[in-house]
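# A closer look at the structure
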Amino acid sequence: MQRTLIILKPDAIQRGLMGRILTRFEDKGLKVVAARFARLSEQLLEQHYADHKERPFYPGLVRFMSESPVLFCVLEGVDAIAVCRKMMGATFGRDAEPGTIRGDFGVSRSYNLIHGSDSPEAAEKEVALFFDANEIVEWQPAGHTWVYDAEDLG
Ligand code: IDP
Ligand code: MG
């Protein structure tokens, strides 16, 4: 089982896509184990996007991500990090394949609807940055045993 940090970005919230995007993850069998709706501070975003600090788009990215509320959550599932990245699609909406979240809902390079951790190391860091350990809820969805078989669960 893996955990990944997902952020539904301000454009997803403002365009009323929050439910539709979250539904895709639920439909796939990913489990929400933490969630919060809030406006992110520039200080938190500077930590979250530290790797991009020198990029030309960085100031605009921090402004965009902080100017309006987001939904951020931790999703859990087998291979959750890669599964979510695949469902998100390529970074720029206009390059993302149809069938992916970015491919179906957007065309922009910066307004690309969603963030998802890109590696186990990033996921661990990002989950800890956005949530305290005691905010992660352990629970079993009723249909869980019909989503993963014993082999999937190792
Ligand atoms: P990712 O979100 O697919 O992991 P990253 O390369 O990590 O993509 O970039 C982080 C975020 O920065 C992107 O999701 C997007 O919002 C923004 N971004 C990346 N490259 C550009 C660009 O060339 N122009 C404008 N915004 C960009
Ligand atoms: Mg990234």
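Since this is a predicted model, take the numbers as computed values, not measurements.

A few words on unusual backbone geometry. Residue D79 is not a glycine yet carries a positive backbone phi of 55°. Tracing the chain through its elements places D79 in the loop between β3 (70–77) and α5 (80–88). The partly exposed category is assigned to D79, whose relative accessible area is 46%. Its identity as a non-glycine residue notwithstanding, L113 has a phi of 75°, on the positive side. Tracing the chain through its elements places L113 in the loop between α6 (101–105) and β4 (114–116).

Glancing now at helix α7 (residues 120–130). Buried residues of α7: A122, A123, E126, V127 and F130, and no others. One face of α7 carries all of its buried residues, which in axial projection span an arc of 125°. Residues of α7 that are exposed and angled more than 90 degrees away from the buried face: E121, E124, K125 and A128. Looking at the buried positions of α7, the neighbouring elements they touch are β1 (2–8), β2 (31–38), α3 (42–48), β3, α5 and β4.

Cut-offs used in this document
- Residues numbered from 1 in each chain as written.
- Chains lettered and ligands numbered in written order.
- Predicted model: local features only at pLDDT ≥ 70, side-chain atom pairs only at ≥ 80, totals over all residues.
- Heavy atoms only, no water.
- Helix = DSSP H or I, 4+ residues; strand = E, 2+ residues; numbered from the N terminus.
- Buried < 20%, exposed > 50% of the residue type's maximum accessible area, 1.4 Å probe, protein only.
- Arc of directions from axis to C-beta.
- Contact = heavy atoms within 4.5 Å.

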